[in-house]
Number of protein chains: 2
Amino acid sequence: MSDDGAQDLRVLVFDVNETLSDLTPLRVRFEDVGAPADLMPTWFAGVLRDGFALTAAGAYADFASVALDGLRSLLPGVKGWAGDVEAAARHVLDGFAELEVHPDVPDGVRKLSDAGFQLVTMTNGSNTLTEGLLAKAGLVDLFEELLDVRGPRCWKPARAAYRYAVDQVEVRPEQALLVAVHPWDVDGALRAGLRGAWLRRGATVYPQSMSPPTYSAQDLRELADALIADRT
Amino acid sequence: MSDDGAQDLRVLVFDVNETLSDLTPLRVRFEDVGAPADLMPTWFAGVLRDGFALTAAGAYADFASVALDGLRSLLPGVKGWAGDVEAAARHVLDGFAELEVHPDVPDGVRKLSDAGFQLVTMTNGSNTLTEGLLAKAGLVDLFEELLDVRGPRCWKPARAAYRYAVDQVEVRPEQALLVAVHPWDVDGALRAGLRGAWLRRGATVYPQSMSPPTYSAQDLRELADALIADRT
């Protein structure tokens, strides 16, 4: 599951949305405003699509702006929907502040911190939301830095976003491992010179069009065990 | 609806998927393989997300590969689904060859061709599929070039994809107008120095985080009328 040189690994860079946090409660927020719960994954894929589009075109907008645009576009298209778009969109987005970490995250983070890895987050979202999420789980003090793409002003998986993260903690790219549930994030990190760990969280298939991960684990507990085993 | 200088406009660069073609029949293909029709928009947004991710990371894969990866990832996650993933994915993808143009496209294309505009297509998909689509509608001879991103090896909305298209027909970017139903495509074209026309096709809201279109029209007939009026 690992390549050589794992003993040089110093920093773990965590993606946040879906990797640390469980977005499932946002489905209920869609239902709250009269939209189908299944619109949530369509919307979230579209938010990433549009943020990546801006990045690919050399531009930038905050996650919240792109997410709001996405809701403004999708909600009026829901059959029979006739609500207040701005209020409904706000209700969905406010749900980000109520999210919790996946059940395996506290154990995994503590194990990795105890083993001496430096932990940071790097999100396409906002570090304020990351801080709230990790504080609620009692984990925030175990992280050295909470970073987001407002620093480099480009979204992951652009190379500059990963390079920004490793620069902030003053390590070389190859001393860092990106941990994410999204293959596009793992692929981007690998192309930027970091290593990449894919948390499967129930998924079975990694895309053939993307660079294969350095590590693959079901969840953060399993990844922590693998990283600690490779280190010792 | 227009800026100045429309009389210099020579080339119309058409996006294909959803702009010329109607993807609705793909919903039935999802049902054919035992998946909900509503998985179609989630899958399609995810295909663009992953293609743009590769582009943002400086990499490239063909549309068909990314689309196949997306189906391999999504189908096993459908509750109670237990089919043959490869056969089901092929069945969905084969649907692209069966698509037809939107009802307004033949009139719009003929008007624009008669008015002397040079027409080309530039798709993140394949020019073979574009050719089949336009041939079936009796329109293929009205297009000067059918282009796809296998040329520049980066997906729209990367600047290089638009520049490749205008280079192929030997015009300056500002002499070309990108026509698309997707705001991210219009935004990318504008950032690459082209003009951009947004076909609304029932949508009401253009994203605030993207560059506003040079033209906005309900469909291709309406856009043709506006472009011809501005030219004369």
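Residues numbered from 1 in each chain as written. Chains lettered and ligands numbered in written order. Predicted model: local features only at pLDDT ≥ 70, side-chain atom pairs only at ≥ 80, totals over all residues. Heavy atoms only, no water.

(A) Quick peek at the overall build of chain A. Helix and strand counts for chain A stand at nine helices and eight strands. Relative to a compact globule of 232 residues, whose C-alpha radius of gyration would be 17 Å, chain A shows 18 Å and is just as compact. In terms of its C-alpha atoms, chain A occupies a principal-axis envelope of roughly 60 × 35 × 30 Å. The proportion of buried residues among the 232 residues of chain A is 58%. Taking as baseline every contact in chain A between residues at least 6 positions apart, the subset at least 24 positions apart corresponds to 63%. Put simply, chain A shows about 9,100 Å² of open surface, and 47% of that area lies on carbon and sulfur atoms. Here chain A carries 22 positive and 34 negative side-chain charges, and the mean point of each set is 3 Å from the other. (Helix = DSSP H or I, 4+ residues; strand = E, 2+ residues; numbered from the N terminus. Rg over C-alpha atoms; globule rule 2.2 N^0.38 Å. Buried < 20%, exposed > 50% of the residue type's maximum accessible area, 1.4 Å probe, protein only. Contact = heavy atoms within 4.5 Å. Areas by Shrake-Rupley, 256 points an atom, 1.4 Å probe, with all protein chains shown as cover. Lys, Arg positive; Asp, Glu negative; His and termini not counted. Charge placed at Lys NZ, Arg CZ, Asp CG, Glu CD.)

(B) Layout of the sheet that holds strand β1 (residues 11–14) of chain A. Residues and elements named next belong to chain A. Taken in spatial order, the six strands line up as β5-β4-β1-β6-β7-β8 in an open sheet, and their pairing is parallel. Here the strands that pair on one side only, and so sit at the sheet edges, are β5 (145–148) and β8 (215–217). Ignoring strand direction, the axes of neighbouring strands in this sheet form an average angle of 25°. Alignment of β1 against strand β6 (residues 176–180), held across four bridges, turns out to be parallel. Opposite F14, over in β6, you have V179 as the bridge partner. Against the sheet, helix α7 (residues 159–168) contacts β1, β4 (118–123), β5 and β6, and its axis sits at roughly 155° relative to β5. (Pairing = 2+ DSSP bridges. Axes fitted to C-alpha atoms, helices over the stretch in contact; angles between N-to-C directions.)

(C) Inspection of the relation of the copies chain A and chain B at higher detail. For these two chains of identical sequence, chain A goes onto chain B by a turn of 180° and a shift of 0.0 Å along the axis, with RMSD 0.0 Å. The superposition of one copy onto the other is thereby described by a two-fold rotation axis. When you check the interface residues of chain A against chain B, 100% turn up at the interface there too, and the contact is symmetric in its surfaces. (Least-squares fit on C-alpha atoms with pLDDT ≥ 70 in both.)

(D) Region of interest: the environment of P76 of chain A. Secondary-structure assignment places P76 of chain A in the loop between α3 (63–74) and α4 (85–94). A residue is classified by how much of its surface remains accessible, and P76 of chain A, at 35% relative accessible area, is partly exposed. In this structure, the C-alpha to C-alpha distance between P76 of chain A and W184 of chain A, residues 108 residues apart in sequence, is 30 Å. Ignoring sequence-local partners within four residues, the contact set of P76 of chain A consists of L71, W81 and V85 of chain A together with T204 of chain B.

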